[in-house]
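# Structural overview
What follows is each chain in one-letter form.
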Protein chains: 2
Amino acid sequence: MSLPFHPHEGDPVPPALRGFARAHADLVELSESPAYLVARQRHPDRRVGLVSGGGSGHEPMHAGFVGAGMLDAVAPGKVFASPHNAQVLGASRAAAGPDGVLHVVKNYTGDRINFGIASERLRFEGVDVRRVLVDDDLATESDETATGRRGTGATVVVEKILGGAADAGLGLDELAELGTRVAGASRSLAVAARAQTSPHTGMPAFELGPYELEYGVGIHGERAQKSITRPSTEDLVDRMLDELTAALPGDGERVLAVVNGLGGTTGLELYGLHDLVSDGLERRGLAIAGRLVGTFVPALDMAGFSLTLTRVTDEWLSWWSAPSDTPAFPRKEIR
Amino acid sequence: MSLPFHPHEGDPVPPALRGFARAHADLVELSESPAYLVARQRHPDRRVGLVSGGGSGHEPMHAGFVGAGMLDAVAPGKVFASPHNAQVLGASRAAAGPDGVLHVVKNYTGDRINFGIASERLRFEGVDVRRVLVDDDLATESDETATGRRGTGATVVVEKILGGAADAGLGLDELAELGTRVAGASRSLAVAARAQTSPHTGMPAFELGPYELEYGVGIHGERAQKSITRPSTEDLVDRMLDELTAALPGDGERVLAVVNGLGGTTGLELYGLHDLVSDGLERRGLAIAGRLVGTFVPALDMAGFSLTLTRVTDEWLSWWSAPSDTPAFPRKEIR
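Residues numbered from 1 in each chain as written. Chains lettered and ligands numbered in written order. Predicted model: local features only at pLDDT ≥ 70, side-chain atom pairs only at ≥ 80, totals over all residues. Heavy atoms only, no water.

Looking at an unreviewed UniProt entry, one finds chain A named Dihydroxyacetone kinase-like protein and attributed to Pseudonocardia endophytica.

Listed below in structure tokens is the structure:
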């Protein structure tokens, strides 16, 4: 068994990458072995190649963010699995700019290891490499584990702001510091009412009753620390905003807000949530300086959503709003 | 019960419209009563207002298609229900150009009636009105009913091509004829592996076993004429392409292909399907002159997909690729 419309046999990722490259042939080029995607265009002032990647099953992340103004290359792993370091190496070689390569890595052990191995090989080849670690998931904040918070919805914010800044000609160290600051100024929380379909069994990856809610769910089907009785959507958003705003570092009044679908959640729900989030942030004295509503960082077909807040500066906003031309991030989607 | 993240009480559509208008305030303006959305910009050469609408639950259709280069206004009904004629009337008054208004109507009885009533009132007010009926759903073709084929995925093709043509300055009669020809050159087929969640019960709208497939499903939860044992995805695409290409009127070799998710189907699946569709059309001697892959005309959170083929001319392609700036159809999504 698998997802309903996966190929009959074999890994669903390679045909999906081919189908993606065929749909967006003017924007991206596919290397099949090792598998990575490279942007066809880059801004003439960009000195650093921006490279990301991670497990598949979160589309449009990351493949949909490859193109002018955002990522120069990505390494897509198997479903919910880190890319092989040879993929990261290939993507980085293809993307390297005169000032080197910046890796944007979500905080998972496998991703850290494989991007790390590729970095060492790149340095051995004389390519300068730095890393930005995205670790925004509030639900995994704990003093008890060394792993730290997971990387989730803020990835899209970090990657877009870095893309704008790279096109403005910032150098490798500046971009690494910027990305780390944007990730540090971001927090996310996710909830699910229905698990994603397991690609292995074709059944829901875990069972939830009709009034249960997984509060603080991960994007790989990691269960949350707690299942709660589903509150009203209004109360749920209030609770999430309370926790997010309490945890958000800094004290500026302006935020970027991302209302992100986890795969099986409708546009009708996401825009209704955005209305609640807008009211809730206003009531808390925060001004939404940029917004993104849609399915950008899903967990296959999970029914759920995440909220991401990033406290922003004017400079970050200018990079957030800068032109881009990628499959999932055409310029006009970004405000 | 309702969908998991709908408001606790009341119609989910009004808050979603507010959340949509807040997210895209630079592109669209919302009238709340009667409810309709109007584009903030239009091409200076456009002489005809393009107006569409229909039941909600199919987002991004139609609200996401409002903006420069596409629709001038839309009337969104309740979930899976026709808009009230007062909404169509308001949208049409707001959108009317010097040459009048063109209604793009999916072929459902309620939509036909309500757009029809609004047309009569507009004519009484001295506004010239024509209608394009979209009726592409091959599964509902029958000599036994007077209703005819339903309108589904081809709506996005008709609306984008009409948008480009309207910006080229075509008049009302020319646009009405063009839209009718595009709709007539389009056929769609849809399948589902899991029903959408019923907004009334919060449960799947109908039950399907793990190996069952609804073949020829509608976008409002209408069951198909047949449930079949799920074939391999490869065999399924072959069967759908056989039926679509056999039914497609005309004899040109160039087609637009839309691989559309019905809501709960992942990007990984849709791009894998696109790879199969691309190979399958090539084997049948057809050239894909334009493509669209993504969730554009869903049925809430149904797990399924539709394929739409439109036999195209060079002129239609130029309008398909013309610039647009709408929430779901920024220019660069279109090729």
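What follows deals with the packing of aromatic side chains. Each aromatic ring pair is summarised here by two numbers: the centre-to-centre distance and the angle between the ring planes. For the structure on display, the rule yields ten aromatic pairs over all chains. A centroid spacing of 4.9 Å and a plane angle of 85° characterise the contact between Phe5(A) and Phe305(B), whose relative ring orientation is edge-to-face. Taken as a pair, Phe5(A) in the segment before helix H1 (13-23) and Phe305(B) in strand E12 (residues 303-311) lie in two separate chains rather than in one. For Phe305(B), a relative accessible area of 0% puts it in the buried group. Judged by centre distance (6.2 Å) and plane angle (75°), the ring pair of Trp320(B) and Phe329(B) falls under edge-to-face. (Phe/Tyr/Trp six-rings, centres within 6.5 Å; stacked < 30°, edge-to-face > 60°. Helix = DSSP H or I, 4+ residues; strand = E, 2+ residues; numbered from the N terminus. Buried < 20%, exposed > 50% of the residue type's maximum accessible area, 1.4 Å probe, protein only.)

On to the side chain of His62(A), then. Residue and element names in this part refer to chain A. The residue His62 is located in the loop between strand E3 (49-56) and strand E4 (73-79) in this model. Looking at His62, the relative accessible area reads 4%, which means it is buried. A polar atom in the side chain of His62 sits 3.1 Å from the backbone oxygen of Gly53. Every residue in contact with His62, bar those within four places of it in the chain, is listed here: Ser52, Gly53, Gly54, Leu71, Val74, Lys106, Thr155 and Glu159. (Polar contact = N/O pair within 3.5 Å; in protein donor to acceptor, adjacent residues only side chain to side chain. Contact = heavy atoms within 4.5 Å.)

Attention shifts here to the pairing of strand E1 (residues 28-32) of chain A. In the sheet, E1(A) pairs with strand E2 (residues 35-39) of chain A via five bridges, with the strands oriented antiparallel. Among the inter-strand pairings, Leu30(A) is bridged to a residue of E2(A), identified as Leu37(A). (Pairing = 2+ DSSP bridges.)

Now for the relation of the copies chain A and chain B. Each copy of the sequence occupies a distinct position, and chain A is placed on chain B by a rotation of 180° and an axial shift of 0.0 Å, giving an RMSD of 0.0 Å. Accordingly, the operation relating the two chain copies is best matched by a two-fold axis. Every residue of chain A has its C-alpha some distance from the rotation axis, and the shortest such distance is that of Gly264(A), at 2.2 Å. Same-surface contact between copies: 100% of interface residues of chain A are shared with the interface of chain B. (Least-squares fit on C-alpha atoms with pLDDT ≥ 70 in both.)

On the side of chain B, 62 residues touch chain A, which itself brings 62 residues to the contact. Counting the surface chain A buries against chain B, the share from its top three residues, Phe5(A), Arg22(A) and Leu268(A), is 19%. The interface formed by chain A and chain B holds ten salt bridges in total. The partner of Asp275(A) in a salt bridge is Arg18(B), and the shortest N-O contact between them spans 3.3 Å. Taken together, the elements giving at least two residues each to the side of chain A that touches chain B come down to H1, strand E7 (186-194), helix H6 (233-247), helix H7 (267-283), strand E11 (287-294) and strand E12 (303-311) of chain A. Ranked by residue count, the leading element in the side of chain A that touches chain B is H7(A), at eleven residues. Here the side of chain A that touches chain B is composed, by residue class, of 27 nonpolar, 18 polar and 17 charged. (Buried area = accessible area lost by both parts, 1.4 Å probe. Salt bridge = Lys/Arg side-chain N within 4 Å of Asp/Glu carboxyl O. Nonpolar A, V, L, I, M, F, W, Y, C, P; charged D, E, K, R; others polar.)

On to the domain arrangement of chain A. Residues and elements named next belong to chain A. Along its sequence, chain A is organised into domain 1 (13-184) and domain 2 (186-311). Here domain 1 and domain 2 have C-alpha centroids that lie 23 Å from each other. Tallying the contact residues gives 26 residues for domain 1 and 29 residues for domain 2. For the pair domain 1 and domain 2, the two sides together bury roughly 2200 Å², of which 64% comes from carbon and sulfur. When the area that domain 1 buries against domain 2 is broken down by residue, the three leading residues are His58, Phe80 and Leu138, summing to 25%. There are zero salt bridges connecting domain 1 and domain 2. If you tally residues by element for the side of domain 1 that touches domain 2, the top one is helix H4 (residues 154-167), at four residues. Considered class by class, the residues forming the side of domain 1 that touches domain 2 number 14 nonpolar, six polar and six charged. (Domains from an automatic or database assignment.)

Quick look at the packing of helix H4 (residues 154-167) of chain B against helix H5 (residues 172-184) of chain B now. All names here are of chain B. The geometry of H4 relative to H5 is characterised by a closest axis approach of 9 Å and an angle of 150° between their N-to-C directions. The angle between the axes of H4 and H5 places the two elements in the roughly antiparallel class. Crossing geometry of H4 relative to H5 is assigned as right-handed. Contacts between H4 and H5 involve Val157, Val158, Ile161, Leu162, Ala165 and Ala166 on the former and, on the latter, Leu175, Leu178, Gly179, Val182 and Ala183. A class-by-class count of the residues in the contact of H4 with H5 yields ten nonpolar, one polar and no charged. (Axes fitted to C-alpha atoms, helices over the stretch in contact; angles between N-to-C directions. Parallel < 35°, antiparallel > 145°, perpendicular 65-115°, else oblique. Left-handed = near helix turned anticlockwise from the far one by under 90°.)

All names here are of chain A. Counting buried positions along E12 gives nine out of nine residues, so the element sits mostly inside the fold. Neither face of E12 is exposed, since Ala303, Phe305, Leu307, Leu309 and Arg311 on one face and Gly304, Ser306, Thr308 and Thr310 on the opposite face are all buried. Bridging between E7 and E12 involves eight bridges; their strand directions are antiparallel. Directly across from Ser188, in E12, lies its bridge partner Thr308. Sheet analysis places strand E10 (residues 254-261) next to E12, joined by seven bridges and oriented antiparallel. Paired with Leu256 across the strands is Thr310, a residue of E12.

Here we come to the environment of Thr265(B). The topology assignment puts Thr265(B) in the loop between strand E10 (254-261) and helix H7 (267-283). On the basis of relative accessible area, Thr265(B) is assigned to the buried category, the value being 6%. Along the sequence, Thr265(B) and Asp301(B) sit 36 residues apart, while their C-alpha atoms lie 8.2 Å from each other. When sequence neighbours within four positions are dropped, the list of residues in contact with Thr265(B) reads Phe5(A), Leu270(B), Met302(B), Ala303(B) and Gly304(B). At 2.8 Å, the side chain of Thr265(B) forms a polar contact with the backbone nitrogen of Gly304(B).

Moving on to the sheet that holds E4(A). All names here are of chain A. Strand order in this open sheet of six strands is E1-E2-E4-E3-E5-E6, and the pairing throughout is mixed. The sheet is open, and its two edges are formed by E1 and strand E6 (129-134), each paired on a single side. Direction aside, neighbouring strands of the sheet carry axes that sit 20° apart on average. Relative to the sheet, H1 contacts E1, E2, E3 and E4, its axis offset from that of E1 by approximately 155°.

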